[in-house]
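# Understanding the architecture of this molecule
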Amino acid sequence: MKTRKIDTIAADDGKYLFQNYGRLPACFIRGEGSYLFDQDNRRYVDFFAGIAVSSLGHGNSALTRAIHAQADRLLHSSNWFFSREQNEAARHISELAFPGKTLFTNSGTEANEGAIKLARLFGKATSPERYHIIAFTGSFHGRTFGAMSATGQEKTRKGFDPLLPGFIHLPYNDIDSLRKELEGNGNVCAVMTELIQGEGGIKLADKEFIVRAEKLCREHGVLLIIDEVQTGIGRTGKFCVYQHFGIKPDILTFAKGLGGGVPVGALHARAEVAKYFEKGTHGTTFGGNHLACAAAVAVLKTIGKKGFMDQVARKGEYIRSQLVALKEKAPIIREVRGMGLHIGVEIDRPGAELVKKALDAGLVINCTAEKVIRVMPPLTIDMKTIREGMAILSKIFIGEGGGI
Ligand SMILES: Cc1ncc(COP(=O)(O)O)c(C=O)c1O
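Residues numbered from 1 in each chain as written. Predicted model: local features only at pLDDT ≥ 70, side-chain atom pairs only at ≥ 80, totals over all residues. Heavy atoms only, no water.

A few words on the packing of aromatic side chains. The tally for this structure, following the rule as stated, stands at seven aromatic pairs. Seen in terms of ring centroids, Phe239 and Phe254 are 5.6 Å apart; in terms of plane orientation they differ by 45 degrees. Their pairing is tilted. Of this pair, Phe239 sits in the loop between strand E10 (223-227) and strand E11 (251-254) while Phe254 is found in strand E11, placing the two residues 15 residues apart along the sequence. With respect to burial, Phe239 and Phe254 carry one shared label: buried. What links up through ring pairs into an aromatic cluster is the set Phe136, Tyr172 and Phe209. Of note, Arg30 hangs over the ring of Phe37, and the distance from its end group to the ring centre comes to 4.0 Å. For Arg42, the ring lying beneath its charged end belongs to Tyr44, and the centroid distance is 5.0 Å. (Phe/Tyr/Trp six-rings, centres within 6.5 Å; stacked < 30°, edge-to-face > 60°. Helix = DSSP H or I, 4+ residues; strand = E, 2+ residues; numbered from the N terminus. Buried < 20%, exposed > 50% of the residue type's maximum accessible area, 1.4 Å probe, protein only. Lys NZ or Arg CZ within 6 Å of the ring centre and 35° of its normal.)

The subject of this paragraph is the site of the ligand. Close to the ligand lie 13 residues; Gly108, Thr109, Asp227, Gln230 and Lys256 are nearest. The contact in question runs from an oxygen atom of the ligand to an N or O atom on the backbone of Gly108, over 2.8 Å. Between a nitrogen atom of the ligand and a main-chain N or O atom of Phe140, the distance comes to 3.4 Å. Compared with its free state, where it exposes 390 Å², the ligand has 82% of that area covered by protein. The element best represented in the shell around the ligand is helix H5 (residues 108-124), accounting for three residues. (Near = heavy atom within 4 Å. Polar contact = N/O pair within 3.5 Å; in protein donor to acceptor, adjacent residues only side chain to side chain. Areas by Shrake-Rupley, 256 points an atom, 1.4 Å probe, with all protein chains shown as cover.)

Once that is clear, we can look at unusual backbone geometry. For the peptide bond that leads from Asp161 to Pro162, omega is 5 degrees, which places it in the cis range. Relative to the assigned elements, Pro162 resides in the loop between helix H7 (154-157) and strand E6 (167-170). Backbone geometry places Ala49, a non-glycine residue, at a positive phi of 55 degrees. Mapped onto the fold, Ala49 is located in helix H2 (residues 49-52). At Ile202, a position not held by glycine, the phi torsion is positive, near 50 degrees. Topologically, Ile202 is positioned in the loop between strand E8 (196-197) and strand E9 (203-204).

The final tally for this structure, using the stated rule, is two cavities of 30 Å³ or more. Considered as a void within the structure, the largest cavity measures approximately 50 Å³ in volume. Lining the largest cavity we find 13 residues, and of these Ser78, Asn79, Gln86, Gly288 and Asn289 sit closest to its centre. Grouping the constituent residues of the lining of the largest cavity by class yields two nonpolar, eleven polar and no charged. The computed volume of the second largest cavity comes to approximately 30 Å³. Lining the second largest cavity are Ala52, Ser55, Val229, Gln230, Gly232, Ile233, Arg235, Lys256, Gly257 and Leu379. Its residues assigned to classes, the lining of the second largest cavity comprises four nonpolar, four polar and two charged. (1 Å grid on protein atoms, 1.4 Å probe; cavity = no way out; pocket = protein on both sides within 12 Å on 5 of 7 lines; lining within 4 Å. Points joined across faces, edges and corners; volume = space filled by probe spheres on them. Nonpolar A, V, L, I, M, F, W, Y, C, P; charged D, E, K, R; others polar.)

Here we take up the state of the cysteines. Using the criterion set out here, one finds zero disulfides in the structure. In this structure Cys217 is a free cysteine whose sulfur lies 11 Å from that of Cys189, the closest cysteine sulfur available. Looking at Cys217, the relative accessible area reads 1%, which means it is buried. Sulfur of Cys293: no disulfide; nearest cysteine sulfur belongs to Cys240 and is 16 Å away. By relative accessible area, which is 0% here, Cys293 ends up buried. (Disulfide = S-S within 2.5 Å.)

Ordered in space as E4-E12-E11-E10-E7-E5-E6, the seven strands form an open sheet in which the pairing is mixed. Only two strands of the sheet have a single neighbouring strand rather than two, namely strand E4 (101-105) and E6. Direction aside, the axes of adjacent strands within the sheet are offset by 20 degrees on average. Taken together, the four bridges between strand E5 (residues 132-136) and E6 define a ladder with parallel strand orientation. Bridge pairing in E6 links Ile133 to Phe167. Sheet strands touched by helix H4 (residues 84-96): E4, E11 and strand E12 (265-269). Its angle to E4, the strand with the most contacts, is close to 125 degrees. (Pairing = 2+ DSSP bridges. Axes fitted to C-alpha atoms, helices over the stretch in contact; angles between N-to-C directions. Contact = heavy atoms within 4.5 Å.)

On to the sheet that holds strand E15 (residues 363-364), then. Paired through their backbone hydrogen bonds, the strands of a sheet run either parallel or antiparallel. Spatial ordering of the open sheet is given by E1-E2-E3-E15, a layout of four strands whose pairing is mixed. Of all the strands in the sheet, the pair left with one neighbour each is strand E1 (28-32) and E15. Across four bridges, the pairing between E1 and strand E2 (residues 35-38) is antiparallel. Its bridge partner being in E2, Gly31 is matched across the sheet by Leu36.

Here's what the structure looks like:
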């Protein structure tokens, strides 16, 4: 029997790579808009965007032009020198979020490491013991030690203890426990949270909770850090998810969609907070190099165009309404949650098999928190491709039967 290309690729993976990822049986070699093509040139609708990374889809001309032009000019010079690309990307972030200062990183976890270190310097400026950071159950902030210690999900932290001290995990959306902690503990320097827990199953913060949490932070002189790594860069129909809640965070962290596929993250803070990173206190070799920031500029310019985010909101609304309507015919669906193109469908059973069935049928989706199917296509996806993906997804949901 002829060996399939995918089997050869999988065998090499087993031979040469760490086996820490549970990979699905496809190897994508090309992308076009919101389609991916595998080793056999089979086409798939992309409802995953590489974990919300490919914000402008695949082969977006503004992005690839910017990357090509920058590659021809200069890839890297280091943070020992000024960078026009960093300046421009940071200016866009200040205009799209709030006026402040930006520090570029290579990933989301590094952006959160930066936020944690900055919060500690801020706290320690008033007292050496003021380094506690409150985070929440169900959260995910990354896999390096600081961000992992902030992460509330036990499965991410398991086996790596001792973790970084100073993190307090409180129940998400429980204002009373937050108030109690802040009133009883004078050593808290920051509260750190996602407003939609992405890896936690697309769980939304209650508006009342976060508005009151912000007020408590102000009263106690504590920083509010919003992790926008998954929700930022237009994913929810606004540049940042916090903008739906009418709050004013002190620090934001970004990554994923920022470079549209080129690895780049960022930490953005009010100037009066950013000043705690004095010269020499923090840094990175690669963070925000010319290539990464040229990509970020192209993404930010596109996202910032008039009407772009409204379209994201409209497309998300369409998908959510279709999924809610589908609930009638597909009892496997328990709940549909999300904002913009950051959507979770909670089902009544583990979703891993369903993800494989979708892949077989030509649709890339993902399952998080065991039972939540995530739909987060490129922000540029068009209605035709949405309908094509939804037709496959609907068939699979209906075909599963289920419910009680
Ligand atoms: C909310 C959030 N924060 C941080 C991270 C970590 O980002 P990275 O994988 O780029 O380190 C993730 C990744 O999924 C995330 O969803």
